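Secondary and tertiary structure notes
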Amino acid sequence: MRPPVLAGEMVRLRPIEARDADRLWESLHDAEGMRLTGTTATFSREQIDDWAASVADRDGRLDWAIVPGAVRDGEPVSDELIGEIVLNEIDPVSRSANLRLQMLPDYRGRGYGREAIEHVLRFAFDAAREDGGPRLHRVGLDVLSINPRAKALYASLGFVEEGRLRDVYRDGDSWADAVVMSVLEDEFRDLQAAAG
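First things first, this report covers the structure right here in the doc.

The rules behind the values
Residues numbered from 1 in each chain as written. Predicted model: local features only at pLDDT ≥ 70, side-chain atom pairs only at ≥ 80, totals over all residues. Heavy atoms only, no water. Buried < 20%, exposed > 50% of the residue type's maximum accessible area, 1.4 Å probe, protein only. Helix = DSSP H or I, 4+ residues; strand = E, 2+ residues; numbered from the N terminus. Pairing = 2+ DSSP bridges. 1 Å grid on protein atoms, 1.4 Å probe; cavity = no way out; pocket = protein on both sides within 12 Å on 5 of 7 lines; lining within 4 Å. Points joined across faces, edges and corners; volume = space filled by probe spheres on them. Nonpolar A, V, L, I, M, F, W, Y, C, P; charged D, E, K, R; others polar. Salt bridge = Lys/Arg side-chain N within 4 Å of Asp/Glu carboxyl O. Axes fitted to C-alpha atoms, helices over the stretch in contact; angles between N-to-C directions. Parallel < 35°, antiparallel > 145°, perpendicular 65-115°, else oblique. Left-handed = near helix turned anticlockwise from the far one by under 90°. Contact = heavy atoms within 4.5 Å.

Bringing the pairing of strand 7 (residues 96-103) into the picture now. Within strand 7, 7 of the 8 residues are buried, leaving the element largely enclosed by the surrounding structure. Looking at chain direction, strand 6 (residues 83-91) and strand 7 are connected through 7 bridges and run antiparallel. The residue bridging Glu 84 from the neighbouring strand is Gln 102, located in strand 7. The hairpin formed by strand 6 and strand 7 contains 4 residues between the paired strands, and Arg 95 there has a positive phi angle of roughly 55 degrees. Across 3 bridges, strand 7 lies against strand 8 (residues 138-144) in parallel orientation. Bridged to Asn 98 within strand 8 is Gly 140.

The next thing to look at is the layout of surface pockets. Taken as a whole, the largest pocket holds about 1100 Å³ of empty space. Every residue lining the largest pocket is counted, 41 residues in all, and those nearest its centre are Thr 37, Arg 100, Leu 101, Gln 102 and Met 103. The set of elements that each furnish at least two residues to the lining of the largest pocket consists of helix 1 (21-27), helix 2 (31-37), helix 3 (45-54), strand 6, strand 7, helix 4 (112-125), strand 8 and helix 5 (148-156). In terms of residue class, the lining of the largest pocket is made up of 20 nonpolar, 13 polar and 8 charged.

Moving on, we come to the pattern of salt bridges. Enumeration over the complete set of coordinates arrives at 22 salt bridges. Arg 189 is the partner of Glu 185 in a salt bridge, and the nearest nitrogen-oxygen pair spans 3.2 Å. Here Glu 185 pairs with Arg 189, and both are found in helix 6 (residues 185-195), just 4 residues apart, close to one helical turn. With relative accessibility at 10%, the residue Glu 185 sits in the buried group. When salt bridges with common partners are traced through the structure, they connect Arg 12, Arg 14, Glu 17, Arg 19, Asp 20 and Asp 79 into a single cluster.

Before going further, it helps to examine the packing of helix 4 against helix 6. Where helix 4 meets helix 6, the axes come as close as 10 Å, and the angle between the chain directions of the two elements is 125 degrees. For the element pair helix 4 / helix 6, the angle class is oblique. In this structure, the crossing between helix 4 and helix 6 has a hand that is left-handed. In this structure, helix 4 contributes Glu 118, Leu 121, Arg 122 and Phe 125 to the contact, and helix 6 contributes Glu 185, Phe 188, Arg 189 and Gln 192. Among the residues making up the contact of helix 4 with helix 6, the classes are represented as 3 nonpolar, 1 polar and 4 charged.

Another point: empty space enclosed by the protein. Under the defined criterion, the tally for this structure stands at 1 cavity of 30 Å³ or more. Here the largest cavity defines a volume of roughly 40 Å³. Contributing to the lining of the largest cavity are Leu 24, Ser 27, Leu 81, Gly 83, Glu 84, Gln 102, Met 103 and Leu 104. Taken together, the elements giving at least two residues each to the lining of the largest cavity come down to helix 1, strand 6 and strand 7. Split into classes, the residues belonging to the lining of the largest cavity amount to 4 nonpolar, 3 polar and 1 charged.

Now the structure itself:
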């Protein structure tokens, strides 16, 4: 299933496309972003070009480019990728998936990631979608213990800590835990209703 476009006030989410390869390549050279997400794999530029051109049509996952939501005269002001958000490991039987988010450095801590997550969770949990959305029951993730700001963001969106994988990521000469978190469809709906 190709991801649909999801539009909000601050962000618009659209499928990742071949034209996003430059910005995805840039994100792989963001040392702090790589550290905070525990990314240790290395990729060639050719792999990134191939990925950007084909990921939107891969099974078992939905990959969105996060782009600014500003509109002028009915047209987006910019369509340049400022981050990416992914639902992967989608299991239609258990109705669960994993969430991953990465923002480019200039766009962290400004609310773009929060709004992107809210749009993806609304899409993931919407049982009435005519386009046959995933209709999930649970969305999980893991966040590194060295990233308390991200953990607080996820908690504010209804994610609950389920456990901890101790010393599972390298952090330079030391180790970092992975904090396992999830949100269930009813929890998210209750939180959204309470927010009004």
